Each structure stands twice: as structure tokens, then as C-alpha cells.
Amino acid sequence: MNIVQKKLLAGRFSWINLTRRLGPVSFSTKPEPLPSAPRTTSNTSTTTTSSTSGGSSERKSIVPPDYRFVYQEFLPDPKIEWRNPIREKLERMDMLDRRANIDIPEFYVGSVVAVTCSDVHAVGKTSRFLGICILREKCGLRARFILRNVVDNQGIEVMYDMYDPTLLKVEVLRLEKRLDEHLLYLRDALDEYSTFDLNMEAEILPEGAPVPVNDVKVTLKPRPWYARWERHNLAGVANVDEHTNEKKARKAARVATPWERFDLMKQYRRTIPDEEQKEIFAEVYSQLHQLELTRKKLKRKRTFVKPTKLA
């Protein structure tokens, strides 16, 4: 008897001992049906499509196209060397669990946001900061954003991790967009563009209204600057040329790459393909949609004022 036969025999005896302890084990080719998720009806979000494969009909949900902007942190990193499908799927599950415990509303770069977080060094063990969002970056559980405000003539910036457990409340006081992808140049702009009242009241937009785009052009202070803004092709700055001499303009023209906006492969490598975006959002759409409906119901309850009976 060779070594292979001995191993097989040992495995058979161990299987017999296992069946004696646990009883007969039966295998089924059909998996047990999973509990069906509650369906929500919406005129713009779902549709019914029939497929003739196997004579069965399949119900598919159409994810709204603005999800890639509202929930952009659900999209993985476009760099192939940083991708890990298993880690990304686990992170999406954790992000949904986190959103079930805290309301993270829709906001963009340029929106005025107030964040309340726990702080052991504060008086009430909580601290609140209000400012304009100047940057949103990274993806997954590593997603973060920066708020900026000028308090007592001093520019203050606070970076928050979006899914940090210490975050208690996120409020969007003014929902709007800007002309640029980031507003880091506000560090070199006049203070009036970054100053907001700490007791600012929320500006409520009508339900279903598009997100407004603020096309204001800020005025920069004289140099030195945080970065060479003349090389960034910014649409929200008015006076870059006033503080740029001929030498700096030549250097900016030398390093400029206007042809990159026509490079389809570069754009493809910097973004997630539409097919993969639809697959990712189809996975989390039902839970995100349910959270949206729950948030809208709670908002209606808070805004409803019970009439008082007149004597």
C-alpha cells in the first residue's frame, strides 16, 4: 500500500467517524432561497424588463444617473494596482451599516457643511465646526473632506473622515456646487470668500430642484501662494493674470498639457467604466434608496407643525 492509498484510507475513516457523530449528511443541488428584500415603488428608479432565457422574467432596477456624484465614495479607486474586489465589497457593506446609524446627506465641493463630532477635550464632550467644503478625496472607508472657515481673522481648516465613528451629525446648510473640482485656492483668496457665520441657518431647497452652481470668481491675494495657480486652469479665479509675470506665464505654457483632454485612454484610466459603476450601484441601490426614503419621512415629521386649537 503506497502513501496515496494510506491518505485516502485515513480520509475515509475520518469521514466515517464524522458521520457517526453528526449523523448522515445530505447534499442538495438547490440552495435555500434567500429572504426577499422589501421592494419600493418609484416612478423614476425602477422598471420591469422581461428576459426570455429559460422562460422566466427578471425584474431589474435602474440606478439614477446622479448616484455616481451623490455617492462617489462607493466607487473604488481607478488605479488598477490599488484595486481589491474583496476589500471593496466589505467596505461597501461597512459603509451601508454606518449610513444606517448616521445621516450623511448629499453635499459637494462648495457646499456649506456643519459637522458635530465627539471630543473628549471639549466642554460638552462634543465640538461643532462649520465651513465650506474645499476638497473631497479618496474612496471607500478612506473617503474624507476638508471644511474651511475664517474665525477671528484666522483661516481654520478641519479634515474629517466621512465614515469616522466619532462623527455624530453632518448638516448641509447650503447645498451648491462650484466651477472647479476643488477650492484649495481659497487659502490664497480674500477672507470674505471663506467667512461664514457659525450660527448660520439652513437654506432649504425645494424637493426635486437641481443643485445650484455658484459661478462666483474669487480674488486672490498677492504672492506667495499655496500653489502655482496659474498652471491649474481654474475657472473660479478672476485675477490670476494680475499676479503672473511674463516669465511665470512662459513656464506655465511650457508645462501645460491641453491635449490631455482629448486623450481617451488617459480619461479611461482615471475613471471607473460605466458598466462597473452600474454593477456597484445595483448592489447597494436598494439599501441606499431605502435610507433616502426614511430620511425624507423624518424630515417631513420635523418640518410638520401641529396646528393649535383656537379658543
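What counts as what
- Residues numbered from 1 in each chain as written.
- Predicted model: local features only at pLDDT ≥ 70, side-chain atom pairs only at ≥ 80, totals over all residues.
- Heavy atoms only, no water.
- Helix = DSSP H or I, 4+ residues; strand = E, 2+ residues; numbered from the N terminus.
- Buried < 20%, exposed > 50% of the residue type's maximum accessible area, 1.4 Å probe, protein only.
- Patch = residues over 30% accessible without salt bridge, like charges linked within 9 Å, V, L, I, M, F, W, Y side chains within 5 Å.
- Areas by Shrake-Rupley, 256 points an atom, 1.4 Å probe, with all protein chains shown as cover.
- Salt bridge = Lys/Arg side-chain N within 4 Å of Asp/Glu carboxyl O.
- Lys, Arg positive; Asp, Glu negative; His and termini not counted.
- Charge placed at Lys NZ, Arg CZ, Asp CG, Glu CD.
- Phe/Tyr/Trp six-rings, centres within 6.5 Å; stacked < 30°, edge-to-face > 60°.
- Lys NZ or Arg CZ within 6 Å of the ring centre and 35° of its normal.
- Pairing = 2+ DSSP bridges.
- Axes fitted to C-alpha atoms, helices over the stretch in contact; angles between N-to-C directions.
- pLDDT = per-residue confidence, 0-100.
- Contact = heavy atoms within 4.5 Å.
- Core = buried A, V, L, I, M, F, W, Y, C linked by side-chain atoms within 4.5 Å.

## A closer look at the overall build of the protein
Step number 1: Regarding its fold elements, the protein presents 6 helices and 5 strands.
Step number 2: By the burial criterion, 30% of the 311 residues in the protein qualify as buried.

## Remarks on a positive patch on the surface
Step number 1: Residues Arg-228, Arg-231, Lys-247, Lys-248, Lys-251 and Arg-254 make up a contiguous surface patch of positive charge.
Step number 2: Within the secondary structure, Arg-231 is located in the loop between β5 (167–174) and α4 (246–255).
Step number 3: Looking at Arg-231, the relative accessible area reads 32%, which means it is partly exposed.

## Description of the packing of aromatic side chains
Step number 1: Taken as a whole, this structure holds 8 aromatic pairs when the rule is applied.
Step number 2: Measuring from ring centre to ring centre gives 6.0 Å for Tyr-71 and Phe-74, while their planes differ by 80 degrees; the resulting arrangement is edge-to-face.
Step number 3: The buried category is assigned to Phe-74, whose relative accessible area is 2%.
Step number 4: One residue, Arg-136, lies across the ring of Phe-107, its end atom 4.5 Å from the ring centre.

## Regarding the sheet that holds β5
Step number 1: Read across the sheet, 5 strands follow the order β4-β3-β2-β1-β5 without closing on themselves; strand pairing throughout is antiparallel. Two strands close off the open sheet at either side, each with one partner strand: β4 (154–161) and β5. Across the sheet, the mean angle from the axis of one strand to that of its neighbour is 35 degrees, orientation sign disregarded.
Step number 2: Examined bridge by bridge, strand β3 (residues 144–151) and β4 share 8 bridges and lie antiparallel to one another. Each bridged residue has a counterpart across the sheet, and for Ile-146 the counterpart in β4 is Met-159.

## Concerning a nonpolar patch on the surface
Step number 1: A grouping of Ile-86, Leu-90 and Met-93 is seen on the molecular surface, where their side chains present a nonpolar patch of about 320 Å² in accessible area.
Step number 2: One can find Ile-86 in helix α3 (residues 85–101).

## A word on the confidence of the model for the protein
Step number 1: The predicted model of the protein has a mean per-residue pLDDT of 83, with 77% of residues at 70 or higher.
Step number 2: Scored below 50 in pLDDT, residues 7–59 makes 29 contacts in the model with residues more than four places away or belonging to other chains.

## Some thoughts on the environment of Lys-79
Step number 1: Note on placement: Lys-79 falls in the loop between α2 (67–70) and α3.
Step number 2: Of the residues examined, Lys-79 reaches a relative accessible area of 40% and is grouped as partly exposed.
Step number 3: Through-space distance from the C-alpha of Lys-79 to that of Ile-272 is 9.1 Å; in sequence the pair is 193 residues apart.

## Here we look at the nonpolar core
Step number 1: Within the largest apolar cluster, 57 residues are counted, with the highest numbers of intra-cluster contacts made by Phe-74, Tyr-185, Leu-186 and Leu-220.
Step number 2: Setting aside its immediate chain neighbours within four residues, Phe-74 contacts Arg-92, Met-95, Leu-96, Arg-99, Tyr-163, Ile-280, Phe-281, Val-284 and Leu-288.

## What to know about the pattern of salt bridges
Step number 1: A full pass over the atoms with the stated rule returns 20 salt bridges.
Step number 2: Here Arg-83 and Glu-276 are joined by a salt bridge, their closest N and O atoms 2.5 Å apart. Placement of the pair is Arg-83 in the loop between α2 and α3 and Glu-276 in helix α6 (residues 274–303), with a sequence separation of 193 residues.
Step number 3: Here the residues in one salt-bridge network are Glu-73, Arg-99 and Arg-136, joined through shared partners.

## Regarding the environment of Val-284
Step number 1: As for its position among the elements, Val-284 is in helix α6.
Step number 2: Overall, Val-284 belongs to the buried group, its relative accessible area being 1%.
Step number 3: Those residues in contact with Val-284 that lie beyond four places of it in its chain are Phe-74, Arg-92 and Leu-96.

## So, the pairing of β3
Step number 1: With 6 of 8 residues buried, β3 lies mostly within the body of the structure.
Step number 2: The pairing of strand β2 (residues 126–137) with β3 spans 5 bridges and is classified as antiparallel. Residue Leu-135 lies in a different strand from β3, and its bridge partner there is Ile-146.
Step number 3: Between β3 and β4, which pair antiparallel one after the other, the connecting turn spans 2 residues, and Asp-152 there sits at a positive phi close to 55 degrees.

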